[in-house]
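# Chains, contacts and geometry: an overview
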Amino acid sequence: QASNPLWQSRGSSAVPSGGRFRCPSCRHEVVLDRHGVYGLQRNLLVENIIDIYKQESARPLHAKAEQHLMCEEHEDERINIYCLRCEAPTCSLCKVFGAHKDCEVAPLPAVYQRQKSELSDGIAMLVAGNDRIQAIITQMEEICHTIEENGRRQKQHLGLRFDSLYSILEERKKELLQSIAREQEAKVQRVRGLIRQYGDHLEASSKLVESAIQAMEEPQMAVYLQHSKELLKKITDMSKVSMSSRPEPGYENMDHFSINVDYVAEMLRTIEFQTGA
């Protein structure tokens, strides 16, 4: 409304063109500029999925007519049923006289629609999971930044205190700076390792989403059903992967490196970080 020049003329009070909101997924603060919601970052993956569904919905029914596959055993027979026991498309003669005569079968369109619906649900599940993973990665990037900021701040405070104690403090200063650097490095390395783990999972999941979207575009039911089971299994396995490893609350805190410099000169060589607040 704020970015619409005609809004005020409709009888509403003026609204500032800027606004601050929090993303419902990652809670990151978003500032709207004069372009309003049209200035927000685009989600290309979601846009591609929407475009695919729009194209599919707009396509005429006659354009979606599939080219029937023919049975390998009975060359003049179309594949028009699905064997539930063997989990494979087949023809009517195979059911009556052939390898599937003792099997339970179902109409090919019914199985096609059911499995395609399952794949669609799987895609939605993966996309939602990817959004959650991206939010977690963003939060952990912020943790890394906070750790580094806290580490730099503590090193600065430490340097200011040691500069007033001259040469006798320089050796101890070096030792304590190394202690901060070691813990900072250890913490950052741990969090970055988790980021790489989440990033690898996100990349694999995104590729699986792309494969699933391509499968959704397959117009031939039999061809689709030849690969759908394996694809659905991959989606199920991917969704079961545990991604619960997170830094514990307060992990980025570096305040335990603060020191008290009100010691006498005789005690300078025994300076240690304070263990309490």
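It should be noted that the structure appears before, not after, this text.
Residues numbered from 1 in each chain as written. Predicted model: local features only at pLDDT ≥ 70, side-chain atom pairs only at ≥ 80, totals over all residues. Heavy atoms only, no water.

Let us look at the overall build of the protein. Broken down by element type, the protein carries five helices and five strands. Reading the secondary structure of the protein in the N-to-C direction produces β-β-α-β-β-α-β-α-α-α. For the protein, restricting intrachain contacts to residue pairs at least 6 apart in sequence, the fraction spanning at least 24 positions comes to 62%. Total accessible area computed for the protein in this model is approximately 18400 Å², and 52% of it derives from carbon and sulfur atoms. (Helix = DSSP H or I, 4+ residues; strand = E, 2+ residues; numbered from the N terminus. Contact = heavy atoms within 4.5 Å. Areas by Shrake-Rupley, 256 points an atom, 1.4 Å probe, with all protein chains shown as cover.)

What follows deals with helix α5 (residues 221–240). End to end, α5 covers 28 Å across 20 residues, agreeing with the expected 28 Å (1.5 Å per residue, within 8%). Largest kink in α5: about 40 degrees, centred on Ser228. (Expected span 1.5 Å × (residues − 1). Bend = angle between axes of the 7 residues up to and from the residue.)

Here we come to the environment of Gln154. Looking at the secondary structure, you find Gln154 in helix α3 (residues 108–163). The class of Gln154 is buried, set by a relative accessible area of 8%. In the structure, Gln154 is positioned 26 residues away from Ile180 in sequence and 8.1 Å away in space, judged by C-alpha atoms. Here Gln154 is in contact with Ile180, Met254, Asp255, Phe257 and Ser258, once residues within four sequence places are set aside. (Buried < 20%, exposed > 50% of the residue type's maximum accessible area, 1.4 Å probe, protein only.)

Another aspect to go through is the pairing of strand β4 (residues 88–91). Across four bridges, strand β3 (residues 79–83) lies against β4 in antiparallel orientation. Bridged to Cys83 within β4 is Ala88. Connecting the antiparallel pair β3 and β4 is a turn made up of four residues, with Glu87 showing a positive phi of about 55 degrees. (Pairing = 2+ DSSP bridges.)

Along the chain, the position of Lys187 falls in helix α4 (residues 167–216). In terms of polar contacts, Lys187 uses its side chain to reach the backbone carbonyl oxygen of Asn253, at 2.9 Å. If we skip the residues at most four places from it in the chain, Lys187 touches Ile147, Tyr251, Asn253, Met254 and His256. (Polar contact = N/O pair within 3.5 Å; in protein donor to acceptor, adjacent residues only side chain to side chain.)

Following the criterion strictly, the structure yields two aromatic pairs and no others. Between the aromatic rings of Phe257 and Phe273, the centroid separation amounts to 4.9 Å while the plane-to-plane angle is 80 degrees, which identifies the pairing as edge-to-face. You can see Phe257 sitting in the segment after α5 and its partner Phe273 sitting in the segment after α5, a full 16 residues away along the chain. By the burial criterion, Phe257 is buried, and Phe273 matches it. Of note, Lys187 hangs over the ring of Tyr251, and the distance from its end group to the ring centre comes to 5.3 Å. In this structure, Arg190 is placed above the aromatic ring of Tyr251, and the distance from its NZ or CZ to the ring centre is 4.7 Å. (Phe/Tyr/Trp six-rings, centres within 6.5 Å; stacked < 30°, edge-to-face > 60°. Lys NZ or Arg CZ within 6 Å of the ring centre and 35° of its normal.)

Further remarks concern the nonpolar core. Of all hydrophobic cores here, the largest spans 26 residues; its most connected members are Leu119 and Ile123. Mapped onto this core, the elements with two or more residues apiece are β3, α3, α4 and α5. Counting residues in hydrophobic clusters, the runner-up holds 24 residues, among them Ile133, Leu158, Leu176 and Phe273. (Core = buried A, V, L, I, M, F, W, Y, C linked by side-chain atoms within 4.5 Å.)

Reading across the sheet, the three strands line up as β4-β3-β5 and stay open at both edges, with antiparallel pairing between neighbours. The outermost strands of the open sheet, each flanked by one partner alone, are β4 and β5 (105–107). Geometrically, the sheet is characterised by an average inter-axis angle of 45 degrees between neighbouring strands, direction not taken into account. (Axes fitted to C-alpha atoms, helices over the stretch in contact; angles between N-to-C directions.)

Turning our attention to the pairing of β3. Consecutive side chains of a regular strand alternate in pointing toward one face of the sheet and then the other. For β3, the buried fraction is high: four of the five residues fall into the buried class. Relative to β5, β3 runs antiparallel, the two sharing three bridges. Looking across to β5, one finds that Cys83 is bridged to Val105.

Turning our attention to the pattern of salt bridges. Taken as a whole, this structure holds nine salt bridges when the rule is applied. One salt bridge connects Arg152 with Glu149, and the closest N-O pair in it is separated by 2.4 Å. Here the residue Arg152 and the residue Glu149 both occupy positions in helix α3, the gap between them amounting to three residues, near one helical turn. Judged by relative accessible area, which is 41%, Arg152 ranks as partly exposed. A residue is classified by how much of its surface remains accessible, and Glu149, at 33% relative accessible area, is partly exposed. Salt-bridge contacts for Glu230 lead to Lys234; the nearest nitrogen and oxygen are separated by 3.7 Å. Placement of the pair is Glu230 and Lys234 together in helix α5, with a separation of four residues, close to one helical turn. Salt bridges here are not isolated pairs; linked through shared partners, they connect Glu141, Glu148 and Arg192. (Salt bridge = Lys/Arg side-chain N within 4 Å of Asp/Glu carboxyl O.)

Geometric values such as these leave the question of function open.
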